[in-house]
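# What the coordinates show
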Amino acid sequence: MRVVVAQASQRGVWDWDFALEILPDIVRGLWQTVQATLLGITIGMILGLVLALLRRSGVRLISWPTAAVIEFIRGTPLLVQLFFIFFVLPSFGITIGAFASLVIGLGIHYAAYTSESYRAGIENVVRGQWEASVALNLPPATTWTRIILPQAIPTVIPALGNYLVAMFKDAPLGAGISAGGVLLVANSIRSQTLRGVEPYTVMGILFLVVSVPAALFVRYLERKYGYERT
Amino acid sequence: MATREPEITPAADVMVRMNQINLSFGENHVLRDLDLNVAPGEKVVIIGPSGSGKTTILRVIMTLNRPNSGTVEIDGRHLYHEKNNGQLVDAGEKHIRAVRTDVSMVFQHFNLFPHMTSIENTMLAPIKVLGLSKEEARERGANLLEMVGLGDKYNQYPGELSGGQKQRVAIARSLAMRPKVMLFDEVTSALDPELVGEVLAVLTDLAKEGTMTMMLVTHEMGFASEAADRVLMFDAGNVLEEGTPEKILRDPEHKRTQRFLKAVLSH
Amino acid sequence: MLSGNQLQALLEGTWITVQVFVFAAILGTVLSLIFGVMGLSESRLLRAISRTYVEVARGASAIVLLIWAAFALPILLGIPQVIGPLLAGIIALGINMGGYGAEVVRGGILSVPRGQTEASIALNLNAGDRLRHVILPQAVVLMVPPYGNLNIEVMKGTSLVALIALADLTFEAQNLRVQAGGGVFEDPPSTAAIFGTALVIYFILSQLIALFYRWVEGRVGGRWHGART
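Residues numbered from 1 in each chain as written. Chains lettered and ligands numbered in written order. Predicted model: local features only at pLDDT ≥ 70, side-chain atom pairs only at ≥ 80, totals over all residues. Heavy atoms only, no water.

The subject of this paragraph is the overall build of chain B. Scanning chain B from N- to C-terminus turns up nine helices and twelve strands. Computed over its C-alpha atoms, the radius of gyration of chain B comes to 19 Å, within 12% of the 18 Å expected for a compact globule of 267 residues. With the C-alpha coordinates aligned to their principal axes, the bounding extent of chain B is approximately 55 × 50 × 35 Å. The buried share of chain B, taken over its 267 residues, is 57%. Taking the contacts inside chain B whose residues are at least 6 apart along the sequence as the reference set, 63% of them involve residues at least 24 apart. Just so you have it, chain B exposes about 11,600 Å², and 46% of that area is on carbon and sulfur atoms. For chain B, the distance from the average position of its 30 positive side-chain charges to the average position of its 36 negative side-chain charges is 3 Å. (Helix = DSSP H or I, 4+ residues; strand = E, 2+ residues; numbered from the N terminus. Rg over C-alpha atoms; globule rule 2.2 N^0.38 Å. Buried < 20%, exposed > 50% of the residue type's maximum accessible area, 1.4 Å probe, protein only. Contact = heavy atoms within 4.5 Å. Areas by Shrake-Rupley, 256 points an atom, 1.4 Å probe, with all protein chains shown as cover. Lys, Arg positive; Asp, Glu negative; His and termini not counted. Charge placed at Lys NZ, Arg CZ, Asp CG, Glu CD.)

Bringing the overall build of chain C into the picture now. Helix and strand content of chain C: nine helices and zero strands. In sequence order, the secondary structure elements of chain C are arranged as α-α-α-α-α-α-α-α-α. Each of the three principal axes of chain C carries a C-alpha extent, and together these read 75 × 45 × 25 Å. Out of the 229 residues belonging to chain C, those deemed buried represent 54%. For chain C, long-range pairs separated by at least 24 residues make up 76% of all intrachain contacts whose partners lie at least 6 apart in sequence. As displayed, chain C has an accessible area near 10,100 Å², and 66% of this comes from carbon and sulfur atoms. For chain C, the separation between the mean place of its 14 positive charges and that of its 12 negative charges on side chains is 15 Å.

This part is about the interface of chain B and chain C. Contact with chain B, which involves 29 residues of that partner, is made by 21 residues of chain C. For the pair chain B and chain C, the summed buried surface comes to about 2,300 Å²; carbon and sulfur atoms form 58% of the total. Along the contact surface separating chain B from chain C lie one salt bridge. Within the residue set of the side of chain B that touches chain C, elements represented by two or more residues are helix 2 (93-100), strand 8 (103-106), helix 3 (118-128) and helix 5 (163-175) of chain B. Residue classes in the side of chain B that touches chain C are distributed as 14 nonpolar, eight polar and seven charged. (Buried area = accessible area lost by both parts, 1.4 Å probe. Salt bridge = Lys/Arg side-chain N within 4 Å of Asp/Glu carboxyl O. Nonpolar A, V, L, I, M, F, W, Y, C, P; charged D, E, K, R; others polar.)

All names here are of chain A. In this structure the tally under the stated criterion is 26 salt bridges over all chains. One salt bridge in this structure joins Arg28 and Asp25, with 3.2 Å as the shortest N-O distance. Linking Arg28 with Asp25, this pair stays in helix 1 (residues 16-55), spanning three residues, or about one helical turn. Using a relative accessible area of 4% as the deciding quantity, one classes Asp25 as buried. Across the pair Arg55 and Glu116 runs a salt bridge, and its minimum N-O distance is 2.8 Å. Note that Arg55 is positioned in helix 1 and Glu116 in helix 4 (residues 98-124), a separation of 61 residues in sequence.

Once that is clear, we can look at the arrangement of the chains. Most contacts, when the two pairs of chains in contact are compared, are made between chains A and C. These two, chain A and chain B, are apart from each other, with no contact and a minimum C-alpha gap of 23 Å.

Before going further, it helps to spend a moment on the packing of helix 3 (residues 78-88) of chain A against helix 8 (residues 169-181) of chain C. As a packed pair, helix 3 of chain A and helix 8 of chain C sit with axes 10 Å apart at the nearest point and diverge in direction by 15°. Taken as axis vectors, helix 3 of chain A and helix 8 of chain C run roughly parallel relative to one another. For the crossing formed where helix 3 of chain A meets helix 8 of chain C, the hand is left-handed. Of the residues in helix 8 of chain C, those in contact with Leu79, Val80, Phe83 and Phe87 of chain A of helix 3 of chain A are Thr170, Gln174 and Arg177 of chain C. Residues belonging to the contact of helix 3 of chain A with helix 8 of chain C are distributed by class as follows: four nonpolar, two polar and one charged. (Axes fitted to C-alpha atoms, helices over the stretch in contact; angles between N-to-C directions. Parallel < 35°, antiparallel > 145°, perpendicular 65-115°, else oblique. Left-handed = near helix turned anticlockwise from the far one by under 90°.)

As a further point, take the packing of aromatic side chains. One pass over the full model with this rule turns up 17 aromatic pairs over all chains. Aromatic pair Trp14 of chain A and Trp16 of chain A: ring centres 5.5 Å apart, planes at 85°, arrangement edge-to-face. The class of Trp14 of chain A is partly exposed, set by a relative accessible area of 28%. Their ring planes at 45° and their centres at 4.9 Å tell us that Phe72 of chain A and Phe203 of chain C sit as a pair that is tilted. With Phe72 of chain A in helix 2 (residues 60-74) and Phe203 of chain C in helix 9 (residues 191-226), the pair connects residues from two separate chains. Residue class for Phe72 of chain A comes out partly exposed when judged on its relative accessible area of 27%. (Phe/Tyr/Trp six-rings, centres within 6.5 Å; stacked < 30°, edge-to-face > 60°.)

A cluster of like positive charges, contributed by Lys128, Lys134 and Arg138 of chain B together with Arg132 of chain C, occupies part of the molecular surface. Among the structural elements, Arg132 of chain C can be located in helix 7 (residues 127-157). (Patch = residues over 30% accessible without salt bridge, like charges linked within 9 Å, V, L, I, M, F, W, Y side chains within 5 Å.)

Attention now moves to helix 5 of chain B. A rise of 1.5 Å per residue sets the reference length of helix 5 of chain B, with its 13 residues, at 18 Å; its end C-alpha atoms lie 18 Å apart and thus fit the reference within 8%. In terms of burial, helix 5 of chain B is largely enclosed, as 13 of its 13 residues are buried. (Expected span 1.5 Å × (residues − 1).)

With that settled, the discussion passes to the environment of Leu200 of chain B. Residues and elements named next belong to chain B. Along the chain, Leu200 turns up in helix 6 (residues 193-209). Classification of Leu200 by relative accessible area gives buried; the value is 15%. Along the backbone, Leu200 and Gly164 are 36 residues apart, and their C-alpha atoms lie at a distance of 9.7 Å. Non-local contacts of Leu200, meaning those with residues more than four positions away in its chain, are made with Thr188, Glu220 and Phe223.

This paragraph deals with the interface of chain A and chain C. Between chain A and chain C, the residue contacts involve 36 residues of the former and 35 residues of the latter. Buried surface at the junction of chain A and chain C, both sides included, amounts to about 3,100 Å², of which 75% is carbon and sulfur. Linking chain A with chain C are one salt bridge. Arg219 of chain A serves as the salt-bridge partner of Glu55 of chain C, at 2.9 Å between the closest nitrogen and oxygen. At the junction of chain A with chain C, the criterion picks out ten residue pairs in polar contact (both at pLDDT 80 or more). Broken down by secondary-structure element, the contributors of at least two residues to the side of chain A that touches chain C are helix 2, helix 3, helix 4, helix 7 (182-193) and helix 8 (197-229) of chain A. Top element by residues in the side of chain A that touches chain C is helix 8 of chain A. It accounts for eleven residues. Broken down by class, the residue content of the side of chain A that touches chain C amounts to 21 nonpolar, ten polar and five charged. (Polar contact = N/O pair within 3.5 Å; in protein donor to acceptor, adjacent residues only side chain to side chain.)

A separate point is the pairing of strand 3 (residues 43-47) of chain B. Residues and elements named next belong to chain B. Counting buried positions along strand 3 yields five of five residues, so the element is predominantly enclosed. Both faces of strand 3 are covered, namely the face carrying Lys43, Val45 and Ile47 and the face carrying Val44 and Ile46. With four bridges joining them, strand 3 and strand 10 (residues 213-217) adopt parallel strand pairing. Paired with Val44 across the strands is Met215, a residue of strand 10. Pairing between strand 3 and strand 11 (residues 230-235): four bridges, direction parallel. (Pairing = 2+ DSSP bridges.)

Looking now at unusual backbone geometry. A positive phi is found at Leu194 of chain A, a non-glycine position, where the angle reads about 60°. Along the chain, Leu194 of chain A falls in the loop between helix 7 and helix 8. Owing to a relative accessible area of 74%, Leu194 of chain A belongs among the exposed residues under this scheme. The phi dihedral of Gln20 of chain B is positive, around 50°, even though this residue is not glycine. Looking at the secondary structure, you find Gln20 of chain B in strand 1 (residues 16-25).

Another point: the sheet that holds strand 10 of chain B. Residue and element names in this part refer to chain B. Read across the open sheet, the six strands follow the order 8-9-10-3-11-12; overall the sheet is mixed. Of all the strands in the sheet, just strand 8 and strand 12 (238-243) have a single pairing partner and so form its edges. Between one strand axis and the next, the sheet turns through 20° on average, direction left out of account. Across four bridges, strand 8 lies against strand 9 (residues 181-185) in parallel orientation.

See the structure below:
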């Protein structure tokens, strides 16, 4: 990142030239935030499905602790979870870089949410499908992978879309552990130039430019595919 | 918007006058140039195939669907219009509410207020609209619930009542407003067959009492022949034929009516 | 584990967390009602204003709103001495909550069946009585569970104020970690104990909120809701 040195205090409240000057850096930061989100949602989707299946397990020794972990993750702030991953795990010999900590933190946090969506999706597959699988004497693995999940997962897609957008809105929190992203870039511009108005306003506008259309698109998908299935 | 409809001097023997009513939902022309007069105290039963627009007549009189053109008068007062310098103009909410006090409606799906007990359902509008005191409203509601045979259900919530009981509460709720005109929109269609009788009994009593104007959309031909003064066969947005119950139900002129009656009665 | 002083510091931070949450939730609730009802207005303009607010308040995200409210807004308005971190936190989290809450309010009112409005018209109730006595009592019951969840999200969101140096629970936890690493303590508490305790306190808070709204749900619903068909 280029260092912008200026006699900040001598300029007005808002400086267009300065705003334009920092724009490319902030766009680059935003791209990092998007990357963290895409990696995070991948973990969130896979881990969420695993949690959902563990929670449905017939063995209480598995299903109850899983339920407790999901409840705990949902009941505590992402930021503190990120601190935990980044600052605490090293004392157990697990050291993870800041950006990887952010991605893992986002993934775990949202897995707790997606697991509930998967669970609802699985429960919405009609009982007759289970009974038919029994009647055909299908092995459990086949029942899950060929009958139940192919019907459950499409109903979960709109919810996953919503979590993707929500995760993007949480991803700037990585700045709290100095993980790369739009907020970290804006913070460092402010600390180097002593001007916060331009970087944070540019960040806010760019953020809206990405998140509002994304949210509208997800809602469009929801309307298009969500209602047909119910 | 001013309309050029000529103002008709209200005759004393007309309670509901619909004049050249047109109403479309998109492409669907539901009411076409409909003229319909109902006399004070008259009981009119409207029959016809589903989608013929018969329910919409009631909904227009209740101001639930505003017609695209035409006028409606209730007891000599315009419902959707008021006079301004001798011209009829679209009426404001205040005028509509003033005229609407004379009308009430009972619905196919009851539409009781689920968060209020039977007696509270009957009390709300008399207190809020007619300005009755709580005590007066309670007494009026209790008498009406007694009348519809629910004297022991004052404090039940709608969710705790059977369909037939719900519909009788809904009738009492509308009667509590003492309307001049009562509209009944397929009020037995959503009921289990064994519960239809108790609601029809209440309706028959009301009809025999005589003073109130009633308009009913129903498929209950037995009720129509017993209680109606006039039966209207409705099709494709207008009245196909009308007459006494004996005439329409026994000896209809139109093939369309014959076919409809045959389908309803064999069913 | 943690010493008494350290636990004391976390509890003081918790008190700040609770304050930010309560005031943000109050602001958020007021905004939810205003913009939720506005979103159902017959006026196109009012609906557009409500829509824009909802999209921006949600789309900007709590963190971006917070940073902007703390470091850009006061300077743009020329009142940096008026908007401190506490006020910035309350404003940002309240506005963000209002965006989600307006949808809860709007959705709740829309979920009341259309027949209820029609029956109110058939009984000639005016618009105010219709909303107050017929629609809202039913809508509120539908709103309470999502509104309770929203409150939990807002409470968790208060942890973000640590990033604008407001001494809430998260900030105090961070502070203890830095002190521990800086040799301030003879027997430094492990970072696991610090953040573990903070997480547990947050979890207790979110369970208390959940419990409260379950109680509210029972209260507003009453007998009719259980019996509803």
